[in-house]
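# Structure at a glance
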Amino acid sequence: MSADKPLILVVDDEPDIRELIKDILEDENYQVQIAANGEEAKTAFNRQLPDLVLLDIWMPDIDGITLLKEFKEQNKTVTIVMMSGHGTIETAVEATRLGAADFIEKPLSMAKLLRGVEMALENRAKQVAIQREMSQVPVGKSNQMSLLREQVERIAEHDMPIMLVGEPGAGKHCFAHYLHSLGNYADGKFIELSPESFPLDSLKIKSLARGNCLYINDLALLSDEAQALLLHLLESKQLGECQLVCATQYSLQKSVENDDFLDSLLYQLNSITLVVPPLNEHIEDIPELVHHFVDLQTTQAGMPYRRFSVAAQNRLRNHDWPGNVLELKNVIQRLLVLGDGDDIDVADIEQALETEAEAAAEGDETINFDLPLREAREQFERIYLLRKLQETDGNVGKAAKLAGMERTHLYRKLRSLGIDTKQI
């Protein structure tokens, strides 16, 4: 068998179903191993990690929910789809809570089973690609980026909180993931909290943080209650079993002077500070970033490859990039999705930059900043998605790629916002 075929472990105590699934999956060019009970399943799982497990819930020795939990404890990245002829909503919810990717009811529809397998493997491949992107070494050979990487590599395993300071879109998120990949809790999760999602419950924060990397974004915008709770947890050393990384685009010292931030919290967090430079301070990295984002979009998002001419790359080097690396990534994505030819020249760059500037100006003029956050977010989403649809002449598939969304998710979002694509 070819080693690059996905390996699927089928666990079911009914011989006819087990063999039928095996035959169908092998006809679809998958490698298949079978197990008649929980013990056989554990032996097969430990012998070779499968790409996907099809796991029956009701078996004579060990139930599928218990096996799901054990497999996830052994390898949290494994993809598991549950099967059951006597399933209940409560069982499906429990399986999902424990990490199951899907829940398929018996009697099995082979078309539904194959589609479930295909989607589970596609989602697994996407997650692997995303994780690879997040944990990879930040791109750039400039002096600023080389020095910053060296600093990260020296301090990643320290237990002290680490502060990342930089403009929006400069790459703080990327460096936070890089810190996580090199730190003492690299095997744990990367838990991201924002001012809106920060829980005001010490037990929940400690539970989220334990054994993981806790990344607090937009630190300066934390509410007074969140600041006080975070200060208490740090002073009482209750966040010791985690890697704590914070990020801000604002001067915390100015926030302290304006009584918007606790000076004692700044003291607790300010032991190690790394400054992520804006893109216009290391424009020599732009050609390498272009190649990186093109490779990323063509392999991860399945977009067609297009070559940037030297003149096009030079034009990108001479742009101000107020949105930093994130703006560059968005421009490249737009060029790949909307372009027709194999090459991208200066004219294509000019048009993309003009579209980006118009979108930013339209957003600034239209959003009502006096609205509550939830309503303002909905207003922004409506403006943003209408813009993407206009750029793609109402093509929802292309708009979904530009927005980095699944097509079905975009359709639901458009309906919820009352947007009719036929009127675009």
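In case you missed it, the structure is sitting above this.
Residues numbered from 1 in each chain as written. Predicted model: local features only at pLDDT ≥ 70, side-chain atom pairs only at ≥ 80, totals over all residues. Heavy atoms only, no water.

## Quick notes on a negative patch on the surface
Among the surface-exposed residues, D16, E19, D23, D27 and E28 lie close enough to one another that they form a single negatively charged patch. On the secondary structure map, D16 appears in helix α1 (residues 15–27). (Patch = residues over 30% accessible without salt bridge, like charges linked within 9 Å, V, L, I, M, F, W, Y side chains within 5 Å. Areas by Shrake-Rupley, 256 points an atom, 1.4 Å probe, with all protein chains shown as cover. Salt bridge = Lys/Arg side-chain N within 4 Å of Asp/Glu carboxyl O. Lys, Arg positive; Asp, Glu negative; His and termini not counted. Charge placed at Lys NZ, Arg CZ, Asp CG, Glu CD. Helix = DSSP H or I, 4+ residues; strand = E, 2+ residues; numbered from the N terminus.)

## Here we look at the pairing of strand β9 (residues 243–248)
For β9, the tally of buried residues reaches six of six residues, placing the bulk of the element in the interior. Burial along β9 is two-sided: the residues Q243, V245 and A247 and L244, C246 and T248 are all buried. Sheet topology places strand β6 (residues 162–165) next to β9; four bridges connect them, and they run parallel. By the bridge assignment, V165 is partnered in β9 with T248. Sheet topology note: the strand β8 (residues 213–216)/β9 ladder contains four bridges and is parallel. Within β9, the residue paired with Y215 across the bridge is V245. (Buried < 20%, exposed > 50% of the residue type's maximum accessible area, 1.4 Å probe, protein only. Pairing = 2+ DSSP bridges.)

## A word on the sheet that holds strand β4 (residues 79–84)
Taken together, the five strands give an open sheet; going across it, the order is β2-β1-β3-β4-β5, and neighbouring strands pair in parallel fashion. Lying at the two open borders of the sheet, with one neighbouring strand each, are β2 (31–35) and β5 (102–105). Recorded for the sheet is a direction-independent mean angle of 20° between the axes of neighbouring strands. Strand direction decides the pairing type here: strand β1 (residues 7–11) and strand β3 (residues 52–56), joined by four bridges, are parallel. Paired with I8 across the strands is L52, a residue of β3. (Axes fitted to C-alpha atoms, helices over the stretch in contact; angles between N-to-C directions.)

## Some remarks on the nonpolar core
Within the largest apolar cluster, 27 residues are counted, with the highest numbers of intra-cluster contacts made by F198, I216, L219, L230, L239 and L269. Put simply, the parts of the chain that give this core at least two residues each are β7 (190–193), α8 (202–209), β8, α9 (224–235), β9, α10 (252–257) and α11 (263–269). Examining the composition of this core, we find that six residues originate from one element, α9, more than from any other. Leave out the neighbours within four places in its chain, and L230 touches F198, I216, L219, L222, L239, L265 and L269. (Core = buried A, V, L, I, M, F, W, Y, C linked by side-chain atoms within 4.5 Å. Contact = heavy atoms within 4.5 Å.)

## A closer look at the packing of helix α6 (residues 143–155) against helix α7 (residues 172–182)
Where α6 meets α7, the axes come as close as 9 Å, and the angle between the chain directions of the two elements is 40°. Between α6 and α7 lies a crossing whose hand is right-handed. Counting all contacts with α6, which are made through M145, L148, R149, V152, E153 and I155, the residues of α7 involved are F175, Y178, L179 and L182. The class makeup of the residues in the contact of α6 with α7 is eight nonpolar, no polar and two charged. (Left-handed = near helix turned anticlockwise from the far one by under 90°. Nonpolar A, V, L, I, M, F, W, Y, C, P; charged D, E, K, R; others polar.)

## Focus on the environment of L164
Summarising the element assignment, L164 is placed in strand β6. It is 28 Å that separates the C-alpha atoms of L164 and Y384, two residues lying 220 residues apart in sequence. Those residues in contact with L164, other than ones at most four positions away along the chain, are K172, F175, A176, L179, V245, C246, A247, T248, L274 and V276.

## Examining the state of the cysteines
In this structure the tally under the stated criterion is zero disulfides. Looking at the unpaired C246, the closest cysteine sulfur is the one in C242, lying at 9.5 Å. Of the residues examined, C246 reaches a relative accessible area of 1% and is grouped as buried. (Disulfide = S-S within 2.5 Å.)

## Observations regarding the pattern of salt bridges
Counting across every chain of the model gives 13 salt bridges. The salt bridge involving K106 is made with D12; its shortest N-O contact spans 2.6 Å. With K106 in the loop between β5 and α5 (110–135) and D12 in the loop between β1 and α1, this residue pair connects regions lying 94 residues apart in the sequence. The pair formed by K106 and D12 is uniform in burial state, with each residue classed as buried. E39 is the salt-bridge partner of K42, the closest N and O atoms lying 3.7 Å from each other. Here K42 and its partner E39 are both found in helix α2 (residues 38–47), three residues apart, which amounts to about one turn of the helix. On the basis of relative accessible area, E39 is assigned to the partly exposed category, the value being 44%. Several salt bridges share partner residues, and in doing so they unite D12, E14, D56 and K106 into one network.

## Focus: the environment of V325
By the secondary structure assignment, V325 is in helix α14 (residues 324–338). The class of V325 is buried, set by a relative accessible area of 14%. Along the chain, V325 and V346 lie 21 residues apart, while their C-alpha atoms are 19 Å from each other. For V325, the contacting residues outside a window of four places in its chain are G169, A170, L279, L289 and F293.

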